[in-house]
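Each chain is listed here by its residues.
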Amino acid sequence: MCLSESPVIILSGPGQSGKTTLLSALVCRLREEGVKVAGILAEGLWENGVRSGFNLIDLFDNSSVSLSRRIPDNDLCNGIPFEFYEAGLAAGMRALSLERCAGADVVIVDEVGFLELRGKGWAPALQALLDLDGLVHVWAVRCKLLDTVRAVWGLESARIASVDEPDALNRLKNSCMGGLMKAERGI
């Protein structure tokens with residue numbers, strides 16, 4: 001699969017496949033190149049080999065806050081196995097605000113999933129971010145939600161990268177850099 005220059009890149013893979021790890025490495029590489037990065041990473045927390053929750057990292061200032069915790073199976077509601085903290089959701093919305101993202105070159109959204117498809121989570125911020133000119137977007141999306149996310153946000157022409165592609169990190173970085181060059185030329 002060829003990742004050519006695009007303003008929207010979707011990093012796809014199943015749950016717990018390393019999307020956040022790859023995005024974290026991408027952020028480091030982009031910053032080494034002098035690229036301004038904003039957005040969010042959802043860092044998984046683990047207990048006894050099971051994901052117990054997430055911390056949210058605001059890429060604007062690298063601050064971190066608790067985002068969610070696992071709900072015991074018998075309390076599972078709406079098929080989403082995590083309870084989200086209001087403070088974590090508020091921090092994520094602040095991280096994805098136009099104020100924080102407008103000055104960036106690349107905006108990372110880790111991840112667009114079930115909550116967003118229900119109009120919750122990061123959904124209220126996504127269209128406004130897509131409307132900003134000159135940004136490259138990198139969204140993490142689970143494989144099983146890929147077609148639905150693309151349809152809901154009109155991303156049929158988005159470039160798709162798979163977390164398990166050979167040399168995925170360099171390909172993502174190069175695609176971001178190519179997208180930035182196109183944005184600078186106004187293409």
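Everything discussed here concerns the structure shown above.
Quantities reported herein were computed from a predicted structural model and do not represent experimental measurements. Along every chain, residues carry numbers that run from 1 in the direction the sequence is written. It should be noted that, the model being predicted, local features are given only for residues of pLDDT at least 70 and side-chain atom pairs only at 80 or more, the latter also being counted only at that level, while totals for whole chains, interfaces and linings use all residues. The basis for the side-chain values is all heavy atoms of the structure; hydrogens and waters are excluded.

Side note on the layout of surface pockets
Quick note on the threshold: In this analysis a 1.4 Å probe is tested at points of a 1 Å grid over the protein atoms alone, and where it fits but cannot get out there is a cavity; an open set with protein on both sides within 12 Å along at least five of seven lines is a pocket; lining residues have an atom within 4 Å of a point. Grid points are joined across faces, edges and corners, and a volume is the space filled by probe spheres set on the points. Helix and strand assignments come from DSSP, with helices taken as H or I runs of at least 4 residues and strands as E runs of at least 2, each series counted from the N terminus. Each residue gets one of three labels, nonpolar for Ala, Val, Leu, Ile, Met, Phe, Trp, Tyr, Cys and Pro, charged for Asp, Glu, Lys and Arg, and polar for the others, Gly among them.
Its volume calculated, the largest pocket comes out at about 460 Å³. Phe54, Phe82, Phe84, Glu111 and Arg142 are the residues nearest the centre of the largest pocket, which is lined by 23 residues in total. Secondary structure elements with two or more residues in the lining of the largest pocket: β3 (50-58), β4 (63-70), β5 (82-84) and α4 (114-117). The element contributing the most residues to the lining of the largest pocket is α4, with three residues. The residue inventory of the lining of the largest pocket, partitioned by class, reads 11 nonpolar, six polar and six charged.

Focus: the environment of aspartate 133
The condition that has to hold: Under the scheme applied here, a residue whose accessible area is under 20% of the maximum for its type counts as buried, over 50% as exposed, and between as partly exposed, the area being computed with a 1.4 Å probe on protein chains only.
Mapped onto the elements of the fold, aspartate 133 is located in the loop between α5 (123-131) and β7 (136-142). Among the residues examined, aspartate 133 registers a relative accessible area of 76% and is labelled exposed.

Considerations on helix α1 (residues 19-32)
Convention followed: Multiply 1.5 Å by the residue count of a helix minus one, and that product is the helix's expected span. Directions drawn from the helix axis to the C-beta atoms are what define this arc.
In this model, α1 (14 residues) spans 20 Å end to end at C-alpha, consistent with the 20 Å of a helix rising 1.5 Å per residue. Residues Lys19, Leu22, Leu23, Leu26, Val27 and Leu30 constitute the buried set of α1. Take α1 and look down its axis: the buried residues cluster within an arc of 145°, on one side only. In this structure, α1 carries Thr21 and Glu32 as exposed residues pointing more than 90 degrees from its buried face. The first or second residue beyond α1 is glycine 34, which carries a positive phi of 85°.

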